[in-house]
Amino acid sequence: MTVFAAQVSGRRRRARRLLPDLTGWGFVLPATLVIVGLSLFPAVWALLLSLRDGDLLTGGEYVGLQNYRDMLGDTELAAAAGHTALYTVLFVPGSVVLGLALALALNLKIRLIGFYRTCFFVPYVVSAAATGILANFVFDPDFGIVNAGLKALGLPAMGFLQDPGQAMLTLVVISIWGGVGMPAVVYLAALQDIPRELVEAARVDGGVGRHVLRHVVLPQLRPATVFLLIWQTITALQLFDLVYTTTKGQPLDSTTTIVFYLYRQAFQLFHSGYGTAIAYVLFLVTLGISGAVLWRSAR
């Protein structure tokens, strides 16, 4: 009886220890099933689809890695990758640097500072589709407000989204206007977490504004900078909706990005296997860039 009672007591103690874990899993299990069902399963299905030569309606035949080999000789894909790289190189540093400058300005104690912060963040929460529609009116070569202002100053009109040499740069400007709110808010939160004692000690030691910024503020903002570099890079590599609502990859395919190109392959030309293969390669590139940024930051 004593051994049996000890065994029962041990089981009860183990059950009491497991009860909090079981309760926690009971709360997170529904969300876990949703995440697995909406992300993991489609990802596996898409990987299998990339190994077949079919459309979205029929399975097609198994071709193995042929879709990935076809990417090596695709000149249109290479051009889209070049456009995406150019956009990323211009958008990521531009948005991060401008976001830092705005955060420094919005961290000042002035009147109506809450109103100013809201004004700079509102464009970020507006959908890219709405931003693209607005940009079509603003940068219209004939009736846009920008060209109207240039004409008022006696300057020649610009082609903007209808000029192959200006379209991508115009998209970068539109994206920075719509996306700078994110870096500004992240940097603003990081600035407000910097201990005042550090800044005051630097000033007591004779540090002026630029020295305090360089040797005290910027090192404290490093984690936020790493996060923003990764976040903005992922955003840039996945550029689609703004292109779709403004240029549709034109003029002369000068604004065709990788995601827009795979959309055209999968949903317009019905080469879903090839489009999925492009998506997986883009995922690996994004993962590699993110890992390189984290590794460099750690060093």
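Reading guide: rules and limits
- Residues numbered from 1 in each chain as written.
- Predicted model: local features only at pLDDT ≥ 70, side-chain atom pairs only at ≥ 80, totals over all residues.
- Heavy atoms only, no water.
- Helix = DSSP H or I, 4+ residues; strand = E, 2+ residues; numbered from the N terminus.
- Buried < 20%, exposed > 50% of the residue type's maximum accessible area, 1.4 Å probe, protein only.
- Contact = heavy atoms within 4.5 Å.
- Areas by Shrake-Rupley, 256 points an atom, 1.4 Å probe, with all protein chains shown as cover.
- UniProt positions renumbered as here; feature names shortened; annotations may be inferred.
- Polar contact = N/O pair within 3.5 Å; in protein donor to acceptor, adjacent residues only side chain to side chain.
- Salt bridge = Lys/Arg side-chain N within 4 Å of Asp/Glu carboxyl O.
- Core = buried A, V, L, I, M, F, W, Y, C linked by side-chain atoms within 4.5 Å.

Student: Before we go on, may I ask you to explain the overall build of the protein in this structure?
Tutor: The helix and strand inventory of the protein stands at 14 helices and two strands. Per-residue burial for the protein yields a buried fraction of 35% across its 299 residues. Expressed as a percentage of contacts within the protein between residues at least 6 apart in sequence, the contacts between residues at least 24 apart total 64%. About 18,500 Å² of surface is accessible on the protein, with carbon and sulfur atoms providing 69% of the total.

Student: I would appreciate a short explanation of the UniProt feature "transmembrane region" (unreviewed entry) in the protein in the present structure.
Tutor: The UniProt entry lists residues 22-48, 85-106, 118-139, 167-190 and 277-295 under the feature "transmembrane region" (unreviewed entry), expressed in the numbering used here. Measuring from the first to the last C-alpha atom of residues 277-295 gives 27 Å, for a span that is 100% helix and 0% strand.

Student: For this particular structure, what's the right way to read the side chain of Thr-256?
Tutor: Within the secondary structure, Thr-256 sits in the loop between α12 (241-246) and α13 (258-268). Accessibility expressed as a relative area gives 4% for Thr-256, which makes it buried. Side chain to side chain, Thr-256 and Asp-253 meet in a polar contact 3.5 Å long. Not counting the four nearest positions on each side in its chain, Thr-256 is found in contact with Ala-80, His-83, Gly-249, Tyr-261 and Arg-264.

Student: What exactly am I supposed to notice about the environment of Ile-258 here?
Tutor: Relative to the assigned elements, Ile-258 resides in helix α13. Accessibility expressed as a relative area gives 13% for Ile-258, which makes it buried. Put simply, Ile-258 and Leu-282 are 24 residues apart on the chain and 8.0 Å apart in space, counted from C-alpha to C-alpha. Those residues within four positions of Ile-258 in sequence are excluded, and the remaining contacts are Ala-80, Ala-81, Thr-84, Ile-278 and Leu-282.

Student: Can you help me understand the pattern of salt bridges in this one?
Tutor: Oppositely charged side chains are able to pair whenever their charged atoms sit close together. Applying the stated criterion across every chain yields a total of one salt bridge. Arg-264 is paired through a salt bridge with Asp-253; the nearest N and O atoms lie 3.8 Å apart. Here Arg-264 is found in helix α13, whereas its partner Asp-253 is found in the loop between α12 and α13, with eleven residues between them in sequence. Residue classification places Asp-253 among the partly exposed residues on the basis of a relative accessible area of 32%.

Student: It is not clear to me how the nonpolar core should be interpreted in this structure. Could you clarify?
Tutor: Generally speaking, a soluble globular protein has its nonpolar side chains buried in company with each other. Core analysis: the biggest nonpolar cluster contains 19 residues, and Tyr-87, Phe-91 and Leu-171 have the highest contact counts within it. Of all the elements in the fold, those that place two or more residues in this core are α3 (75-106), α7 (167-179), α12 and α13. No other element matches α7, which puts five residues into this core. Ignoring sequence-local partners within four residues, the contact set of Tyr-87 consists of Met-168, Leu-171, Val-172, Ser-175, Ala-236 and Leu-239.

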